[in-house]
Amino acid sequence: MTKNKKVVVDEQAPLLPSKHEEEGGLEEFNGASFTGAVFNLSTTIVGAGIMALPATMKVLGLGLGIAMIVFMAFLTEASIEMLLRFSRAGKTSSYGSLMGDAFGKYGKMLLQISVLVNNIGVLIVYMIIIGDVLSGTTSNGVHHAGVLEGWFGAHWWNGRTLVLLVTTLAVFSPLACFKRIDSLSFTSGLSVGLAVAFLVITVGITIIKLISGSISMPRLLPDVTDLTSFWNLFTVVPVLVTAYICHYNAIHTIDNELEEPTQIKSVVRTSLALCSSVYVMISFFGFLLFGDETLDDVLANFDSNLGIPYSSLLNDAVRVSYAGHLMLVFPIVFFPLRLNLDGLLFPSSRPLVLENLRFALVTIGLITIIFLGANFIPSIWDAFQFTGATAAVCLGFIFPAAITLRDSHNIATKKDKILASFMIVLAVFSNLVAIYSDAYALFKKSSSQRE
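Bear in mind that the values here come from a model prediction, so they are computed numbers and not experimental data.

Rules of the game
- Counting starts from 1 at the beginning of each chain's written sequence and moves along it residue by residue.
- Where local features are concerned, this predicted model is filtered to residues with pLDDT of at least 70; where side-chain atom pairs are given and counted, the filter is 80 or more; whole-chain, interface and lining totals use all residues.
- Computation of side-chain values covers all heavy atoms of the structure but excludes hydrogens and water.
- In this text, buried Ala, Val, Leu, Ile, Met, Phe, Trp, Tyr and Cys residues form a nonpolar core when linked through side-chain atoms within 4.5 Å.
- Three exposure classes are used, based on accessible area relative to the maximum for each residue type with a 1.4 Å probe and protein chains only: buried under 20%, partly exposed in between, and exposed over 50%.
- We count a stretch as a helix when DSSP gives it H or I for four or more residues in a row; a strand needs E for two or more, and each element gets its number in order from the N terminus.
- What counts as an axis is a line fitted to C-alpha atoms, over the stretch in contact for a helix, and the angles between N-to-C directions run from 0 to 180 degrees.
- Roughly parallel means an angle under 35 degrees; roughly antiparallel, over 145; roughly perpendicular, 65 to 115; everything else is oblique.
- Handedness of a crossing follows from how the near helix is turned relative to the far one, being left-handed for an anticlockwise turn of less than a right angle and right-handed for a clockwise one.
- The contact rule is simple, with two residues in contact once any of their heavy atoms fall within 4.5 Å.
- Amino acid classes used here: Ala, Val, Leu, Ile, Met, Phe, Trp, Tyr, Cys and Pro are nonpolar; Asp, Glu, Lys and Arg are charged; the rest, including Gly, are polar.
- Given a helix with a known number of residues, its expected span is that number minus one, times 1.5 Å.
- The definition of a polar contact used here is a pair of N or O atoms within 3.5 Å, where within protein one atom must be able to donate a hydrogen and the other to accept one, and adjacent residues in sequence count solely through side-chain atom pairs.
- Scored from 0 to 100, pLDDT records how confident the predictor is in each individual residue.
- Should a side-chain nitrogen of Lys or Arg be within 4 Å of a carboxyl oxygen of Asp or Glu, the pair is scored as a salt bridge.
- Fitting axes to the seven residues that end at a residue and to the seven that start at it, the angle between those axes gives the bend at that residue.

1. As for the nonpolar core
Okay, so step 1: Among the nonpolar cores identified, the biggest contains 115 residues, and Ile-50, Tyr-279 and Phe-334 are the most heavily contacted of them.
Okay, so step 2: In terms of residue count, helix α4 (residues 95–135) provides more of this core than any other element does, 18 residues in total.

Have a look at this one:
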């Protein structure tokens, strides 16, 4: 029996197996295409993290910053390869099943909790950014007008809560109701297109300003003047980790849906190459455009006069294209969140895709939590740092490395174990330092405000 004809019954299997029996009420699915898989994986990778990448250049400098982006791409490919190789050896069809195979039910539960923490945090960040773009935000007493406010003025109907409610009902909810990730390949392609549009506009603006001579040479190396500024370098690690996280979102789902399962390595490499290119370009041109004035969320820099013709129109195009990208990324990140919550709450039940009522209740409950979080959490940066330094680094690097060191099927080479050990030490050390630096900065900021 071929992979495309296999019936998957494990509760941690991909959201929709290759084919269900007739009583499942679903038509036969013949496998996802290479292009569709690349679009889905690329859409999963390129999320809100791209907005913070120019700010990492402000911390690291252009030379070291770009080198770190490339290094993280290679490290990500290595960790994904570990997951896929050990999944093949253990005949597991999901990240949760793989953790269960290596560490038992507690390993699977730890994975599911990490996915919940990371994905809920990431989706709340997405929704906050969309609210900021469309309805505006106020930071440190400075108001940054949203697109709708700029077009029509401030009204009750373009307030943050109502705009997010309409977006949730009209965009997020319908897309979240698809039961197979390949159903989103068109929206994934559109999403990648919007991200590219954002990049092209930013590059174009930068080139125009370069020609006019209004851009100065950016720093190539970090500006380290004392111990505090040295430790501050590590605060970029959670951002870079989050920028490449895709291990739990789509790797196993796409692998199980691929028409040709042998293509998964090429899908991963193509997607990482595409995303790395986008990351390097947006980091380079974003930092070149704004220099040391680059904000933590570079999107906030596009609310002022850029000093070129049609500045207002270009500002709106940049913000709207990226908001559209996040809207279309939302359902792909939502897929594994729903699957893992269902696995935690109903571990012995039938696959979620076969239970329409349970599918609807879990979906509605999660979207409601994310909507409320986006309305009550005012800032994205600290949450971004927290999820990147905890759940995201576990999902992307610590868990794959731990599975390799555990080596339940005796397939790991000495090189694999050295790389896995290096990955764990690097991840734990750099993220502990990042958490310490962030906590110290918050404490210092709080103390200065009291004075």
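2. A short note on the packing of helix α2 (residues 49–60) against helix α11 (residues 264–290)
Okay, so step 1: Closest axis-to-axis distance for the α2/α11 pair is 8 Å, and the angle between their directions is 55 degrees. As the angle between them shows, α2 and α11 are arranged oblique. As for the relative orientation of α2 and α11, their crossing is right-handed in sense. In this structure, α2 contributes Ile-50, Leu-53, Pro-54, Met-57 and Lys-58 to the contact, and α11 contributes Val-278, Tyr-279, Ile-282, Ser-283, Gly-286 and Phe-287.
Okay, so step 2: Of the residues that constitute the contact of α2 with α11, the class distribution is eight nonpolar, two polar and one charged.

3. Considering helix α3 (residues 62–90)
One turn of an α-helix holds 3.6 residues; hence residues three or four places apart share an orientation.
Okay, so step 1: With 29 residues, α3 extends 42 Å between its outermost C-alpha atoms, agreeing within 8% with the 42 Å of an ideal straight helix rising 1.5 Å per residue.
Okay, so step 2: The first or second residue beyond α3 is Lys-91, which carries a positive phi of 55 degrees.

4. Some words on the environment of Arg-319
Okay, so step 1: When you line up the elements, Arg-319 lands in helix α12 (residues 311–345).
Okay, so step 2: You can call Arg-319 buried: its relative accessible area is 9%.
Okay, so step 3: Distance in space between the C-alpha atoms of Arg-319 and Gly-146 is 9.0 Å, their sequence separation being 173 residues.
Okay, so step 4: Here Asp-316 takes part through its side chain, which lies 3.1 Å from a polar atom of the side chain of Arg-319.

5. A look at the confidence of the model for the chain
Okay, so step 1: With 84% of its residues at a pLDDT of 70 or more, the chain shows a mean pLDDT of 80.
Okay, so step 2: Per-residue pLDDT, averaged within each element of the chain, yields its smallest value for strand β1 (residues 137–139) (64) and its largest for α3 (91).
Okay, so step 3: The low-confidence segment residues 1–28 (pLDDT under 50) makes 65 contacts with residues lying over four places distant or belonging to another chain.

6. With respect to the pattern of salt bridges
Okay, so step 1: Taken as a whole and assessed by the stated rule, the structure comprises eight salt bridges.
Okay, so step 2: As a salt-bridge pair, Arg-350 and Glu-355 come within 3.4 Å of each other at their nearest N and O atoms.
Okay, so step 3: Owing to a relative accessible area of 25%, Glu-355 belongs among the partly exposed residues under this scheme.
Okay, so step 4: A single salt-bridge network, built from bridges that share partners, covers Glu-81, Arg-85 and Asp-416.

7. As for α4
Okay, so step 1: The end-to-end C-alpha distance of α4 is 38 Å, clearly below the 60 Å that 41 residues give at a rise of 1.5 Å each.
Okay, so step 2: At Phe-103, α4 is deflected by roughly 140 degrees, the largest bend along its length.
Okay, so step 3: Counting buried positions along α4 yields 30 of 41 residues, so the element is predominantly enclosed.
Okay, so step 4: Gly-136 lies just past α4 and shows a positive phi near 90 degrees.

8. Here's the deal with unusual backbone geometry
Okay, so step 1: The phi dihedral of Asp-407 is positive, around 50 degrees, even though this residue is not glycine.
Okay, so step 2: Within the element layout of this structure, Asp-407 appears in the loop between α14 (381–406) and α15 (414–450).
Okay, so step 3: According to the relative accessible area criterion, Asp-407 is buried, its value standing at 9%.
Okay, so step 4: Not every positive phi belongs to a glycine, and Asn-410 is a case in point at roughly 55 degrees.
Okay, so step 5: Tracing the sequence through the fold places Asn-410 in the loop between α14 and α15.
Okay, so step 6: Since its relative accessible area comes to 68%, Asn-410 is described here as exposed.

9. Topic: the side chain of Asp-416
Okay, so step 1: Turning to its location among the elements, Asp-416 is positioned in helix α15.
Okay, so step 2: Within the structure, the side chain of Asp-416 is placed 3.0 Å from the backbone nitrogen of Thr-413, a separation counted as a polar contact.
Okay, so step 3: Among residues more than four places away in sequence, those in contact with Asp-416 are Met-82, Arg-85, Thr-404 and Ile-411.

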